[in-house]
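Architecture and fold: a report
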Amino acid sequence: MIEIKNVSKWYGSFQVLKDCSTHVSKGEVVVVCGPSGSGKSTLIKCVNGLEAIQQGEILVNTTKVNDPKTNLPKLRSHVGMVFQHFELFPHLSITDNLCLAQVEVLGRGKEEAREKGLALLDRVGLKAHADKFPGQLSGGQQQRVAIARALAMGPYCMLFDEPTSALDPEMINEVLDVMVELAQEGMTMMVVTHEMGFARKVANRVIFMDQGQIIEDTTKEEFFGSPRSERAQQFLSKILHHCN
Amino acid sequence: MNYNWDWAVFFKSTGIGEEIYLHWFMSGLLWTLALSLCGWLIALLLGSLLGTMRTLPNRWLAGIGSAYVSLFRNVPLLVQLFVWYFLIPDILPESMQTWLKQDLSPEVSGFLIVTLCLGLFTAARVCEQVRTGIEALPRGQRQAAAALGLTTAQTYRRVLLPQAFRIVIPPLTSEFLNIIKNSSVASLVGLMELLAQTKQTGEFTANLFEAFTMATLIYFTVNMGVMFTMSRLERKLRVPGLIALGGK
Ligand SMILES: Nc1ncnc2c1ncn2[C@@H]1O[C@H](COP(=O)(O)OP(=O)(O)OP(=O)(O)O)[C@@H](O)[C@H]1O
Ligand SMILES: [Mg+2]
């Protein structure tokens, strides 16, 4: 579903990604973790072409992302993305947030978009808030709306960039629960997160990044059992320690 | 000061038919409003377009925007007016010259030139306000819109501009007030707007103080009206649950 082949990227002379290769198969949940500044966000934003790459190749469902001929808006409309800071559109009501891209990008009728949006809002447990504005919801609620907004496009995979790290601790679980459910339904997901509980529960594989490189790319069992690299071990002990 | 205020002057006959001096002020006010509103329309449309261009990834478009601003913001308004009024018409193609100088009455051609001048001058300032508004939005908004599949044009129309305009209503109000005040430069090229009528009344009646007091009151009232309308607009567009847009 997602193929990342020998991808390198530079910001000026600074190399953010160094020859990264990995893949996410259909129905798979892959968790990406690593220290701050290691290039996790950059990598995941390359998948839907929000960031351009200078070397290598990225395929999403056999469409080459880094091909100038690719219709990026069309590709992106099928790849859901959830951001650390939610990024709901604050001037639009929750319903309009859910409908905007359905109508503008997919060309759905207003009524159909609304129905679809409300059904998904119900699914993330926020039906009662349909007419509110983002600023009137808590962080956890906003993030659940953001997930519903991405799902409304009927994506064939979902990208998450630290979806819970801007949340107060008591709101983290309400978002993770939605994500776990999504994973269990078979959604293909690439998730940047430090929530190792989530990784343990639903991840198929874990990728560990450091300084722009993919250091480990293993099954969850192996990663939590015995990470091979020292950096990953250190990192794991730090965040697991931190969590307890 | 031994000045004999005579407020009745406004109701005295100008000597032309039934006309009183108050009529001069009213006609001046209408010209001032027409100049300001038409100029503002140009400024708002062109300024928004240029401001948007300055935030686009395309270097050429952004470059055109910033060149425009440099040119129109760094030359005094009066110099611009004289260039538009005295120089540009002479380098126009023959047919346009005939149209401007002969087919149109001097009043109308003067009005067109001053409106254009005010509009283009103010557009540079509107451009900078709009650009600032767009740049004040969190980077993630643009990315979130793109990630949903919106094109750049859709992103601007539905996501960025509606938020940016809400942020810049207060500075745009200032520009609106400025263009009303700046429209008084038209008096220097013989257009009988409010300031010109005021001066003329002063000269005809020797009641200079009354005339300028009247002008002051009229400008003040018009601008207060604009401020009031704009703050109502701002309140009407305010987004529930949002104290100030464009943090982060
Ligand atoms: N637009 C940019 N221009 C220059 N450098 C950038 C830019 N964006 C990111 N970087 C740099 O690239 C590196 C990787 O950034 P990235 O955001 O991908 O890290 P991350 O792993 O997501 O970190 P975090 O956990 O803090 O989110 C960092 O060193 C960052 O400073
Ligand atoms: Mg990041």
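An unreviewed UniProt entry lists chain B under the name Glutamate/aspartate transport system permease protein, from Formivibrio citricus.

UniProt, in its Subcellular location (unreviewed entry) section for chain A, records the words "Cell membrane". The record held by UniProt for chain A lists under Sequence similarities (unreviewed entry) the comment "Belongs to the ABC transporter superfamily."

**A few points about the sheet that holds strand β4 (residues 55–60) of chain A**
Where strands meet in a sheet, backbone hydrogen bonds hold them as pairs that are either parallel or antiparallel. All names here are of chain A. Taken in spatial order, the four strands line up as β2-β1-β4-β5 in an open sheet, and their pairing is antiparallel. Strands with a single pairing partner mark the edges of an open sheet, and in this sheet they are β2 (14–24) and β5 (63–64). Summarising the sheet, strand β1 (residues 2–11) and β4 pair through five bridges and their orientation is antiparallel. What sits directly across from I2, in β4, is V60. The strands that helix α1 (residues 40–47) touches are β1, β2 and β4; relative to β1, the one it contacts most, it runs at about 120°.

**A closer look at the site of ligand 1**
All names here are of chain A. The local shell around ligand 1 consists of Y11, F14, V16, P35, S36, G37, S38, G39, K40, S41, T42 and E162. One nitrogen or oxygen atom from the main chain of G37 is found 2.8 Å from an oxygen atom belonging to ligand 1. Looking at the shell around ligand 1, the elements with two or more residues in it are β2 and α1. Examining the composition of the shell around ligand 1, we find that three residues originate from one element, α1, more than from any other. For the shell around ligand 1, the per-class residue count stands at four nonpolar, six polar and two charged.

**Some points on the environment of K40 of chain A**
All names here are of chain A. Relative to the elements of secondary structure, K40 occurs in helix α1. Classification of K40 by relative accessible area gives buried; the value is 5%. Ignoring anything within four residues of it in the chain, the contact list for K40 reads V32, C33, G34, P35, E162, V192, H194 and M209. Polar contacts involving the side chain of K40 include one to the main-chain carbonyl oxygen of G34, which spans 3.1 Å.

**With respect to the UniProt feature "transmembrane region" (unreviewed entry) in chain B**
Residues given the UniProt feature "transmembrane region" (unreviewed entry) here are residues 20–46, 67–88, 108–127 and 208–228 of chain B. The straight-line gap between the two end C-alpha atoms of residues 67–88 of chain B is 20 Å; of that span, 86% is helix and 0% is strand.

**Concerning the pattern of salt bridges**
When charged atoms on two side chains of opposite charge get close, those side chains can pair. Counting across every chain of the model gives 18 salt bridges over all chains. Note that R205 of chain A and D217 of chain A form a salt bridge whose closest N and O atoms lie 3.0 Å from each other. Of this pair, R205 of chain A sits in strand β9 (residues 205–210) while D217 of chain A sits in strand β10 (residues 213–219), and the two are 12 residues apart along the sequence. Judged by relative accessible area, R205 of chain A falls into the buried class, the value being 9%. Bridged by salt links that share partners, the residues R54, E128, R131 and E135 of chain B form one connected network.

**Examining the packing of aromatic side chains**
Taken as a whole and judged by the stated rule, the model has 15 aromatic pairs over all chains. Ring centres of Y21 of chain B and W24 of chain B lie 5.0 Å apart, and the angle between their planes is 85°; this geometry places the pair in the edge-to-face category. Placement of the pair is Y21 of chain B and W24 of chain B together in helix α1 (residues 21–54), with a separation of three residues, close to one helical turn. You can call Y21 of chain B buried: its relative accessible area is 6%. The structure contains a cluster of three or more aromatic residues connected by ring pairs, namely Y3, W5, W7, F10, F25 and F209 of chain B. Between K9 of chain A and the ring centre of Y11 of chain A, over which it is positioned, the NZ or CZ distance is 4.8 Å.

**Describing the sheet that holds β10 of chain A**
Residues and elements named next belong to chain A. Spatial ordering of the open sheet is given by β6-β7-β8-β3-β9-β10, a layout of six strands whose pairing is mixed. Of all strands in the sheet, those bounded by a partner on one side alone are β6 (79–82) and β10. Neighbour to neighbour, the strand axes of the sheet diverge by 15° on average, direction disregarded. Pairing of strand β7 (residues 157–161) with strand β8 (residues 189–192) involves four bridges; the strand directions are parallel. Residue pairing in the sheet places D161 in a bridge with V192 of β8.

Criteria and cut-off values
Residues numbered from 1 in each chain as written. Chains lettered and ligands numbered in written order. Predicted model: local features only at pLDDT ≥ 70, side-chain atom pairs only at ≥ 80, totals over all residues. Heavy atoms only, no water. UniProt positions renumbered as here; feature names shortened; annotations may be inferred. Pairing = 2+ DSSP bridges. Helix = DSSP H or I, 4+ residues; strand = E, 2+ residues; numbered from the N terminus. Contact = heavy atoms within 4.5 Å. Axes fitted to C-alpha atoms, helices over the stretch in contact; angles between N-to-C directions. Near = heavy atom within 4 Å. Polar contact = N/O pair within 3.5 Å; in protein donor to acceptor, adjacent residues only side chain to side chain. Nonpolar A, V, L, I, M, F, W, Y, C, P; charged D, E, K, R; others polar. Buried < 20%, exposed > 50% of the residue type's maximum accessible area, 1.4 Å probe, protein only. Salt bridge = Lys/Arg side-chain N within 4 Å of Asp/Glu carboxyl O. Phe/Tyr/Trp six-rings, centres within 6.5 Å; stacked < 30°, edge-to-face > 60°. Lys NZ or Arg CZ within 6 Å of the ring centre and 35° of its normal.

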